[in-house]
Amino acid sequence: MKYRKMLTIGLLLALTGCTNDAYDTGDGEYSYLRADFAEVHTIDAQTIDHATTDDGTTLHFAPHVTAKWAEKADTLYRALIYYHDGTATGEKTVESIAVNRVPVLRPVVEEEFEGEKKTDPVDLESVWLSTNGKYLNLSLLLKTGKADDPEAIQSIGLIKSENEETITLHLLHDQGTVPQYYTSRLYLSIPVTDDLRGKPLCLVMNTYEKEIEKLIVF
């Protein structure tokens, strides 16, 4: 059965700056504020009790974190977490400042994708493989703004094709009726499953200047 799989991103755009970095030490309120990509675990619906960062550190949140987007209990979600921390590794209890959802974008085989393959432009700020090798992370810059239609959304998708030499992931983007007043950053994570390994991976997307290709070798 053919199907269309696009991720709506109207509520996920956020202007976030720091990733996988720690602030300079000192005596200020944010002296030990860190930001890390992680898998977070829900103990109950909308309640996050712990996280495992991409470098393997286990963080227990005290108090637990409330996140409306984490709808299912006993489930792992991808997130960017901000927290107070004075050490670098290990297993510890920390205070969360914010836990922001990171959408997980799963490729659809080209032959199984049904619908219009829109490639409205985006800008690629960076692409990197997570420390544990589980995710290929993207930092995209999208044009957005407040639309007259409250139901106006943008959508993102990913199509996979393959030949004897290369696996290609083609990013789809539907701007919809969302205006382009300002730029916002969107983080996405692509699971690096077995079917994406074994050959060079080519990431293709249409930017505001031209179509680009990024060759990635695991």
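Residues numbered from 1 in each chain as written. Predicted model: local features only at pLDDT ≥ 70, side-chain atom pairs only at ≥ 80, totals over all residues. Heavy atoms only, no water.

Participant: Hey, could you run me through the overall build of the protein chain in this one?
Facilitator: Scanning the protein chain for helices and strands turns up 0 helices and 16 strands. Within the span of the protein chain, comprising 218 residues, buried residues form 44% of the whole. A separation threshold of at least 6 residues defines the contact pool for the protein chain, and within that pool the share at least 24 residues apart is 66%. Total accessible area on the protein chain stands at roughly 11900 Å², and carbon and sulfur atoms take up 47% of it. (Helix = DSSP H or I, 4+ residues; strand = E, 2+ residues; numbered from the N terminus. Buried < 20%, exposed > 50% of the residue type's maximum accessible area, 1.4 Å probe, protein only. Contact = heavy atoms within 4.5 Å. Areas by Shrake-Rupley, 256 points an atom, 1.4 Å probe, with all protein chains shown as cover.)

Participant: What is the right way to look at the environment of Gln 180 in this model?
Facilitator: Checked against the element boundaries, Gln 180 lands in the loop between strand 13 (167-174) and strand 14 (182-191). Those residues within four positions of Gln 180 in sequence are excluded, and the remaining contacts are Lys 143, Thr 144, Gln 175 and Tyr 208.

Participant: Is there a simple way to explain the nonpolar core in this structure?
Facilitator: Nonpolar side chains in soluble globular proteins tend to end up buried together. Leu 140, Leu 171, Ile 190 and Met 205 are the most contacted members of the largest nonpolar core, which totals 22 residues. Within the residue set of this core, elements represented by two or more residues are strand 11 (135-144), strand 12 (155-162), strand 13, strand 14, strand 15 (201-206) and strand 16 (211-216). Considering every element that reaches this core, the biggest residue donor is strand 11, with 4 residues. Counting 15 residues, the second-largest nonpolar core is a separate cluster that includes Ile 48, Ala 51, Ile 81 and Val 99. (Core = buried A, V, L, I, M, F, W, Y, C linked by side-chain atoms within 4.5 Å.)

Participant: Please explain the layout of surface pockets as it appears in this structure.
Facilitator: One water molecule sets the probe size; rolling that probe over the atoms shows where empty space is left. There is about 360 Å³ of room inside the largest pocket. Every residue lining the largest pocket is counted, 17 residues in all, and those nearest its centre are Arg 101, Pro 103, Val 104, Leu 105 and Arg 106. Of all elements in the fold, only strand 6 (76-84) and strand 12 reach the threshold of two or more residues within the lining of the largest pocket. Per-element tally for the lining of the largest pocket: the top contributor is strand 6, with 3 residues. Its residues assigned to classes, the lining of the largest pocket shows 11 nonpolar, 1 polar and 5 charged. (1 Å grid on protein atoms, 1.4 Å probe; cavity = no way out; pocket = protein on both sides within 12 Å on 5 of 7 lines; lining within 4 Å. Points joined across faces, edges and corners; volume = space filled by probe spheres on them. Nonpolar A, V, L, I, M, F, W, Y, C, P; charged D, E, K, R; others polar.)

Participant: Please clarify how the pattern of salt bridges should be interpreted in this entry.
Facilitator: Pairs can form between side chains of opposite charge whenever their charged atoms are close. All told, the structure shown has 8 salt bridges when counted by the stated rule. When the shortest N-O distance is used, the salt bridge between Glu 39 and Lys 134 registers 3.1 Å. Separated by 95 residues along the polypeptide, Glu 39 in strand 3 (residues 33-44) and Lys 134 in the loop between strand 10 (123-129) and strand 11 bring together distant segments of the chain. Here Lys 134 falls in the partly exposed class, since its relative accessible area comes to 40%. When the shortest N-O distance is used, the salt bridge between Asp 195 and Lys 160 registers 2.8 Å. (Salt bridge = Lys/Arg side-chain N within 4 Å of Asp/Glu carboxyl O.)

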